[in-house]
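Chains, contacts and geometry: an overview
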Amino acid sequence: MKNIKVSIITPCFNSENSIRDTIESVLVQTYQNIEYIIVDGASTDSTVEIIKEYAPMFQGRLRYVSEPDKGIYNAMNKGIKMSHGQLIGIINSDDYYEKDAVEKMIRQFNEGEYQVLYGYMRVMSHDRIRYICKDSHKQLLKAMIPHPTCFVSRNVYKDFGLYLERFKIVADYELMLRINKTGKINFQCIPEVITNYREGGASAGKRTFYEVSLVRFLYGGLSCREFVEKIINDSFII
């Protein structure tokens, strides 16, 4: 198997109730050439103590920073800038990987291409499976692919930019639409569950609806009329 360095980034804030599952899912990966970067937003609970507890188990492969940030995408960008891997995955502190997630991605990774590798996502609510998300890049203008399953080649971020922090909830969607528009990205779906996603995070409510509609409009997924109608019909107040 290829011996490619993979960077995994976890942004977190006050995540003591869930981050153990996230960290352990990285620790037990069947593929081992991983650097793990945790970007904590100055948590006031026991999150940092939990990170410190696990750090020795990674034998030097885990680095973390704990300081105030400007939101989740600021934390993601910070983690990307700290990373050295040729392939970069981002998993939030509510979620956790299948144990062979990275191995499956490495098998499909081509160092010479701009790549976004992703897979299916098991959506959980109160530890019960609600459904399996299988959204495809072929319908990207209609719906975002499951970002917690995504592994992106380093040169994508280097050549096409990071997450736009002015978007508070859907900067990941904007990034995928932006790079897709270049026509240079090889999106590849691995048709297996890669990540387990716990519902109940920030991606809910009218703010999300507005930002999703806005980025779809900006990249041609909605006409001006359709965008205005959606905003009016949902009585969105900025």
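Residues numbered from 1 in each chain as written. Predicted model: local features only at pLDDT ≥ 70, side-chain atom pairs only at ≥ 80, totals over all residues. Heavy atoms only, no water.

**Some points on the overall build of the protein**
A count of helices and strands for the protein gives eight helices and nine strands. What you see for the protein is a C-alpha radius of gyration of 18 Å, in line with the 18 Å of a compact globule of 238 residues. Seen through its principal axes, the protein has C-alpha atoms that stretch 55 × 40 × 35 Å. Among the 238 residues that make up the protein, the fraction classed as buried is 49%. Considering only contacts within the protein whose residues lie at least 6 apart along the sequence, 78% involve residues at least 24 apart. Only carbon and sulfur atoms are counted for the fraction: they give 49% of the accessible area of the protein, which is about 11600 Å². (Helix = DSSP H or I, 4+ residues; strand = E, 2+ residues; numbered from the N terminus. Rg over C-alpha atoms; globule rule 2.2 N^0.38 Å. Buried < 20%, exposed > 50% of the residue type's maximum accessible area, 1.4 Å probe, protein only. Contact = heavy atoms within 4.5 Å. Areas by Shrake-Rupley, 256 points an atom, 1.4 Å probe, with all protein chains shown as cover.)

**Concerning the pattern of salt bridges**
All told, the structure shown has twelve salt bridges when counted by the stated rule. A salt bridge links R20 to E53, with the shortest nitrogen-to-oxygen separation between them at 2.9 Å. Of the two residues, R20 sits in helix 1 (residues 19–27) while E53 sits in helix 2 (residues 47–54), which places them 33 residues apart along the sequence. Put simply, D100, K104 and E192 are held in one network by salt bridges that share partners. (Salt bridge = Lys/Arg side-chain N within 4 Å of Asp/Glu carboxyl O.)

**Thoughts on the environment of K158**
Relative to the helices and strands, K158 resides in helix 5 (residues 154–160). Accessibility expressed as a relative area gives 64% for K158, which makes it exposed. Considered as a pair, K158 and K81 are 77 residues apart in the sequence and their alpha carbons are 9.8 Å apart.

**A closer look at helix 2**
The set of residues buried in helix 2 consists of T47, V48, I50, I51 and Y54. End-on view of helix 2: buried residues confined to an arc of 160°, all on one side of the axis. Buried residues along helix 2 sit in contact with strand 1 (6–12), helix 1, strand 2 (34–40) and strand 3 (62–66). (Arc of directions from axis to C-beta.)

**Side note on the environment of Y118**
Turning to its location among the elements, Y118 is positioned in strand 6 (residues 115–125). Judged by relative accessible area, which is 0%, Y118 ranks as buried. Residues contacting Y118, with those up to four places away along its chain left out, are M105, D135, S136, H137, I145, P146, T149, C150, F187, Q188, C189 and I190.

**A closer look at the pairing of strand 1**
Counting buried residues in strand 1 gives seven out of seven residues, a clear majority hidden from the surface. Every second residue of strand 1 is oriented toward a common face, with V6, I8, T10 and C12 on one face and S7, I9 and P11 on the other, all of them buried. As defined by bridge partners, strand 1 adjoins strand 2 across seven bridges and the pair is classed as parallel. Across the sheet, residue T10 finds its bridge partner in strand 2, namely I38. (Pairing = 2+ DSSP bridges.)

**Considering the packing of aromatic side chains**
For the structure shown, the criterion picks out seven aromatic pairs. On the numbers, 5.6 Å between centres and 35° between planes, the contact of Y36 with F58 is tilted. Taken together, the positions of Y36 in strand 2 and F58 in the loop between helix 2 and strand 3 put the pair 22 residues apart, joining distant regions of the chain. With relative accessibility at 0%, the residue Y36 sits in the buried group. Note on F58: relative accessible area 1%, which makes it buried. (Phe/Tyr/Trp six-rings, centres within 6.5 Å; stacked < 30°, edge-to-face > 60°.)

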